[in-house]
Amino acid sequence: MIYSRIAATGAYLPERVLTNAELEKLVDTTDEWIRTRTGIERRHIAAAGETTVDLAERAARRALDAAGVAPGEVDFIAFGTTTPDLIFPNCGVLLQERLGCYGVPAFSLETACSGFMYALSIADKYVRCGDAKRALVVGAETLSRITDWKDRATAVLFADGAGAVVLEPAAAPGVLSTHLHADGRHQELLYCGSGVSKGLSLSPAITMAGKEVFKIAVSKLGSVVDETLSANGLERGALDWLVPHQANIRIIQATATKLAMPMERVIVTVQDHGNTSAASVPLALDVGVRDGRIKRGDLLLLEAFGGGFTWGSALVRY
Ligand code: ACO
């Protein structure tokens, strides 16, 4: 039996840091409101001309370097993003060209904040069936490009960044299970209303009914963590680390409570990164791995919830 395991992680954040104090000058908000309602203190914003694939390439190279895999040896690229460089070629292919692993399958998928969870689930299956041996899984975003900087309800939340993992075959898991879901009935609560077929806007912007999204996010994340524990015969409290989507500290705390996990066992980066959508989980994972909290053999639960709605989780033995 072949399993997949995470060989290494990598991440990249743009240099420019935008603080809550600076946002106070852009919209009618306060540092205190942003901190208490969201947990966010600062976020990174891509430079003019810096694209999603630029961020992804740096994160991918860091992950490959840590895994000891040459870029040209990658044999599968799954790339989650809602903010692609172009309509086509897709970001997976653009990244492939940068890395020089020509000819291997490369694609991107747009499931908003769950983009990395979907990409990880697909890549895991390709590794497990023997069709991929050095798979690159990426989540990267330049959400600042679809943020309305005059809308205080969303401008304080979203940010840019990239994270990546290298998956390789292993005799023991690795990725123990992944769980993906979608429910299109609440599209109007969270969307970006610009698209090729419906008509492109020159200034596309995220629209969100925050309070409603919050309630559904807490409920769906609660059920997917239950589903993950139950699929693996685990009790609450059995995990070493929760690596959650970083949208709002209050959503993270609710999921930690559901799992009976103290906040000391949760990787929290929302204060420094804001909501980077598909990049958020691999960015948080990389922080936990590189600062030494997450160790080989630890049991991790990764989860995300986002526009669509889409949501998902993965149970991983690191
Ligand atoms: N600064 C100051 N006041 C604000 C701001 C702001 N930036 N934004 C809203 N307010 C005001 C509102 O106008 C409202 O005022 P009122 O009471 O006079 O009407 C008050 O603050 C409360 O607003 P709420 O929207 O009720 O605030 P809430 O506590 O729900 O927090 C938030 C809002 C942070 C958006 C929260 O609802 C949330 O995090 N929602 C979920 C976000 C999420 O998980 N998104 C999913 C993924 S995103 C993706 O897929 C791309």
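J.: How do you make sense of the packing of aromatic side chains when you look at a structure like this?
T.: The geometry of an aromatic ring pair is captured by the separation of the ring centres together with the interplanar angle, meaning the angle of the planes. Applying the stated rule across the entire model yields 4 aromatic pairs. Relative to tryptophan 311, the ring of phenylalanine 305 lies with its centre 6.1 Å away and its plane at 35°, an arrangement referred to as tilted. Residue phenylalanine 305 shares its accessibility class with tryptophan 311, and that shared class is buried. Chaining the aromatic ring pairs together yields one cluster made of Phe76, Phe107 and Tyr126. A cation over an aromatic ring shows up here: arginine 265 above the ring of tryptophan 241, its NZ or CZ 4.3 Å from the ring centre. Residue placement shows arginine 296 over the ring face of tyrosine 318; its charged tip is 3.9 Å from the ring centre.

J.: Mind showing me how you'd approach the site of the ligand here?
T.: Not every one of the 25 residues close to the ligand is listed here, only the nearest: Thr29, Arg37, Cys113, Lys211 and Asn248. At a separation of 2.6 Å, an oxygen atom of the ligand approaches a polar side-chain atom of asparagine 248. A per-element tally of the shell around the ligand places helix α7 (residues 210–231) first, with 4 residues. Of the residues assigned to the shell around the ligand, the class counts are 13 nonpolar, 7 polar and 5 charged.

J.: What's the story with α7 in this structure? I'm lost.
T.: Since the α-helix turns once every 3.6 residues, residues separated by three or four places project in the same direction. Taking 1.5 Å as the rise per residue, α7 with 22 residues should run 32 Å; its terminal C-alpha atoms sit 31 Å apart, in good agreement. Those residues of α7 that fall on the buried side of the exposure criterion are Val213, Ile216, Ala217, Leu221, Gly222, Val224, Val225, Thr228 and Leu229. Summarising the contacts, the buried residues of α7 are in contact with β8 (175–182), β9 (190–192), β10 (206–208), α8 (249–258), β12 (299–306) and β13 (310–317). Directly after α7, the chain includes glycine 233, whose backbone phi takes a positive value near 65°.

J.: For this particular structure, what's the right way to read the state of the cysteines?
T.: This structure, assessed with the given rule, holds 0 disulfides. The thiol of cysteine 101 is not disulfide-bonded; the next cysteine sulfur, from cysteine 91, is found 14 Å away. Here cysteine 101 falls in the buried class, since its relative accessible area comes to 1%. In this model cysteine 192 remains outside any disulfide bridge; the closest cysteine sulfur is found in cysteine 113, 12 Å from its own.

J.: Where do I start with the sheet that holds strand β6 (residues 135–142) in this structure?
T.: Strand pairing within a sheet occurs via backbone hydrogen bonds; the two strands may be parallel or antiparallel. Taken together, 5 strands build an open sheet; the order of strands is β1-β7-β6-β4-β5 and the sheet is mixed. Lying at the two open borders of the sheet, with one neighbouring strand each, are β1 (3–12) and β5 (106–109). Ignoring which end each strand starts from, the neighbouring axes of this sheet average 20° apart. Two elements, β1 and strand β7 (residues 160–170), share 9 bridges in a ladder whose sense is antiparallel. Bridging across to β7, tyrosine 12 finds its partner in alanine 162. In this fold helix α3 (residues 52–67) packs onto β1, β4 (76–80), β6 and β7, with an angle of close to 125° to the strand it touches most, β1.

J.: What is the right way to read the pattern of salt bridges from this model?
T.: Pairs may arise between side chains of opposite charge once their charged atoms sit close together. If you walk through the whole model with that rule in mind, you get 15 salt bridges. Salt-bridge contacts for glutamate 57 lead to arginine 61; the nearest nitrogen and oxygen are separated by 3.0 Å. Residue glutamate 57 and its partner arginine 61 are both found in helix α3; the two are separated by 4 residues, about one turn of the helix. Accessibility expressed as a relative area gives 17% for glutamate 57, which makes it buried. Its relative accessible area of 34% is what places arginine 61 among the partly exposed residues. The partner of aspartate 286 in a salt bridge is arginine 290, with the nearest N and O atoms 2.7 Å apart. With aspartate 286 and arginine 290 both in helix α10 (residues 280–290) and 4 residues apart, the pair spans about one turn of that helix. Three or more residues joined by partner-sharing salt bridges are found here, namely Asp31, Arg35, Glu41, Arg42 and Asp272.

Parameters at a glance
Residues numbered from 1 in each chain as written. Predicted model: local features only at pLDDT ≥ 70, side-chain atom pairs only at ≥ 80, totals over all residues. Heavy atoms only, no water. Phe/Tyr/Trp six-rings, centres within 6.5 Å; stacked < 30°, edge-to-face > 60°. Buried < 20%, exposed > 50% of the residue type's maximum accessible area, 1.4 Å probe, protein only. Lys NZ or Arg CZ within 6 Å of the ring centre and 35° of its normal. Near = heavy atom within 4 Å. Polar contact = N/O pair within 3.5 Å; in protein donor to acceptor, adjacent residues only side chain to side chain. Helix = DSSP H or I, 4+ residues; strand = E, 2+ residues; numbered from the N terminus. Nonpolar A, V, L, I, M, F, W, Y, C, P; charged D, E, K, R; others polar. Expected span 1.5 Å × (residues − 1). Contact = heavy atoms within 4.5 Å. Disulfide = S-S within 2.5 Å. Pairing = 2+ DSSP bridges. Axes fitted to C-alpha atoms, helices over the stretch in contact; angles between N-to-C directions. Salt bridge = Lys/Arg side-chain N within 4 Å of Asp/Glu carboxyl O.

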